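# Survey of secondary and tertiary structure
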Amino acid sequence: MSENSFVKEILERFKPIWALNHALGLLDWDLETYMPSGSSSARGSAQARLALTKQEKVIALTPLVAQARKTSGLNDFENGALRMIMRDLDYYTKVPPTLVEELQRTATEATVVWREARRNSDFTLFKPHLDRMIELKKQEAEKLGYDGHPYNALLNRFEEGLTIGDVDRTFSRLIPKLKRILSKVVTAGKFPPNHPLESAEYEEASMKQVNREILNLLGMPEQTFRMDISAHPFTKGLSITDVRITTRYKRTSFKDTLFSVIHECGHAIHRLQMDPSFEYTPLVNTTSLGVNESQSRFWENFVGRSRDFVKLIYPILKRNLGSTASCNEEDIYRYFNAVRPSPIRVEADELTYNFHIILRYELEKRLIGGETSVSEIPSLWNDMMDEYVGIRPANDEEGVLQDIHWSDGEFGYFPTYSLGNVIAGMVFHKIRKDIDLEAVVKSGRLVDVKKWLQQQIHTWGGTYSPKVLQQKVFGEVYNPDWLIDYLEQKFLG
Ligand code: MG
């Protein structure tokens, strides 16, 4: 991959760091799937210790990275590898260990309290912890440095180079259009908010069979991929030849597990289709959370919730799920695409999802910018939910306490969900210039879709920053117009 002697040495010394990432990933996967419940404190210590070892090894690369950066004529892969390492180095060298430790401790405590506060629907329990967390995140932003607004420093952690300007520009085009589409859809009643299949129960064994057949349709490789069960679905890419997803079975409304499988497979395909020569290097990573999420959203929504996909999987559903006996394809399509404004983000449909994100984004921006105090958050939350979604949460549990992210200190994460939707819209627009997506999906030739995504996006791993990658693939960045086009066609067309 590299001819440059400094880069060569960096890549050699990166291998143990790669191995630590591999081990940390597996420990994390095990924690969420098979670890006995009483083992969490030993596991926590082991993970913290390994993370520290990794940090030391990254910091030790500092002089070599500095020398490599002085050389001219590096190729894209060499520059990409350096860029990925520098992002870690930047954090480790600017944010003092005492602050990192304090952030970790606060997050652990805050998460425990958050669970209790959510159970009791009582924000006042959580408030002092959120106060402390905001204070620490402000300090973190100051240490990291930023142009303009401190929140930019936090956005950049999840999506390289992302600024408030980018997010504001995207939302200011997206949100008014979404409001208009939503109000028309609700008035027309074509996508009813309730469907009998939502309360229909299913046998876990039958649904497992459906999911197995979905994995087959998506061409998930048996030798390098597996699926297990966890409380919250996730994907863990341990290497290009070991990618794992999880799902869950709630016994009612089968689309919950079905779409979690398709979503996580979108992430898994991304990882499985990277250039195999990137293994053991810093490039074996998705470039950003937004790009990463675009892949899962593309498969889940643009493919999975389409009429053609319904046609494709209709026989599978019929064969395995008795509850679909009296349903035709149109019934299934409406079930998959029910539009129902809800106070809960994870239950949101394609039309309302981004309202949940702009709300969180606006609040985070104000909190980190010091324009709002934590005590104002619950009522601001409810007001904004009312404004965007047209619903007032009945209590804190279904309002401000619903997500884990803030207790974890993940400020700047939420916007990447919407950027994922936006980039998925850009993929949808672009891919249809090259292949007949509808025909390909209807006939089950999903390998054609995978091939396109691999050549355009997956193969590059972390070689390019998210903005550069978008510029290369689409000739534009974070353009919400294609998502709007798609939603207008789908819901009003
Ligand atoms: Mg995801």
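Predicted model only: the values in this text are computed from it and were never measured.

Turning next to the packing of helix α1 (residues 5-33) against helix α4 (residues 76-94). Think of two packed helices as two axes; the pair is described by the angle between the axes and how far apart they sit. Interaxial distance between α1 and α4 falls to 11 Å at its minimum, and their mutual angle equals 50 degrees. The pairing of α1 with α4 is recorded here as oblique in orientation. Once α1 is placed against α4, the crossing between them reads as left-handed. Seen from α1, the contacting residues are V7, I10, L11 and F14; seen from α4, they are E78, A81, L82 and I85. Split into classes, the residues belonging to the contact of α1 with α4 amount to seven nonpolar, no polar and one charged.

Turning our eyes to something else, we now look at the coordination of the magnesium ion. Six octahedrally arranged donors around a metal ideally form angles of 90 or 180 degrees; four tetrahedrally arranged donors ideally form angles of 109.5 degrees. For the magnesium ion, the full set of protein donor atoms is H263 (NE2), H267 (NE2) and E293 (OE), at a range of 2.3 to 2.4 Å. All donor residues of the magnesium ion come from one chain, and their arrangement in sequence is H-x3-H-x25-E. Placement of H267 in helix α10 (residues 255-272) and of E293 in helix α11 (residues 289-303) is noted, with a sequence separation of 26 residues between them. Neither H267 nor E293 differs from the other in exposure class; each is buried.

We now examine the pattern of salt bridges. Applying the stated criterion to the full structure yields 38 salt bridges. Salt bridges linked by common partners bring R83, R87 and E160 together as one network.

Quick look at the packing of aromatic side chains now. This structure, assessed with the given rule, holds 26 aromatic pairs. Between W381 and W406, the ring centres sit 6.0 Å apart and the planes meet at 85 degrees, which makes this aromatic pair edge-to-face. Here W381, found in helix α15 (residues 377-389), pairs with W406, found in the loop between α15 and α16 (415-434); they are 25 residues apart in sequence, far enough to count as distant. Like W406, W381 is buried. These aromatic residues form a ring-pair network of at least three members: F158, Y353, Y413, F414 and Y417. Sitting over the ring of W460, K472 keeps its end group 5.2 Å from the ring centre.

When the domains of the protein chain are assigned, the result is domain 1 (5-145) and domain 2 (164-492). Placing the centre of domain 1 and that of domain 2 at their C-alpha centroids yields a distance of 26 Å. Each partner contributes to the interface: domain 1 provides 37 residues, whereas domain 2 provides 44 residues. For the pair domain 1 and domain 2, the summed buried surface comes to about 3600 Å²; carbon and sulfur atoms form 70% of the total. In terms of surface lost to domain 2, no three residues of domain 1 exceed W18, W29 and F123, which account for 18% of the buried area on that side. Our count for the domain 1 to domain 2 interface comes out at one salt bridge.

Parameters at a glance
Residues numbered from 1 in each chain as written. Predicted model: local features only at pLDDT ≥ 70, side-chain atom pairs only at ≥ 80, totals over all residues. Heavy atoms only, no water. Axes fitted to C-alpha atoms, helices over the stretch in contact; angles between N-to-C directions. Helix = DSSP H or I, 4+ residues; strand = E, 2+ residues; numbered from the N terminus. Parallel < 35°, antiparallel > 145°, perpendicular 65-115°, else oblique. Left-handed = near helix turned anticlockwise from the far one by under 90°. Contact = heavy atoms within 4.5 Å. Nonpolar A, V, L, I, M, F, W, Y, C, P; charged D, E, K, R; others polar. Donors = N, O, S within 2.8 Å, 3.2 Å for Na, K, Ca; no water. Buried < 20%, exposed > 50% of the residue type's maximum accessible area, 1.4 Å probe, protein only. Salt bridge = Lys/Arg side-chain N within 4 Å of Asp/Glu carboxyl O. Phe/Tyr/Trp six-rings, centres within 6.5 Å; stacked < 30°, edge-to-face > 60°. Lys NZ or Arg CZ within 6 Å of the ring centre and 35° of its normal. Domains from an automatic or database assignment. Buried area = accessible area lost by both parts, 1.4 Å probe.

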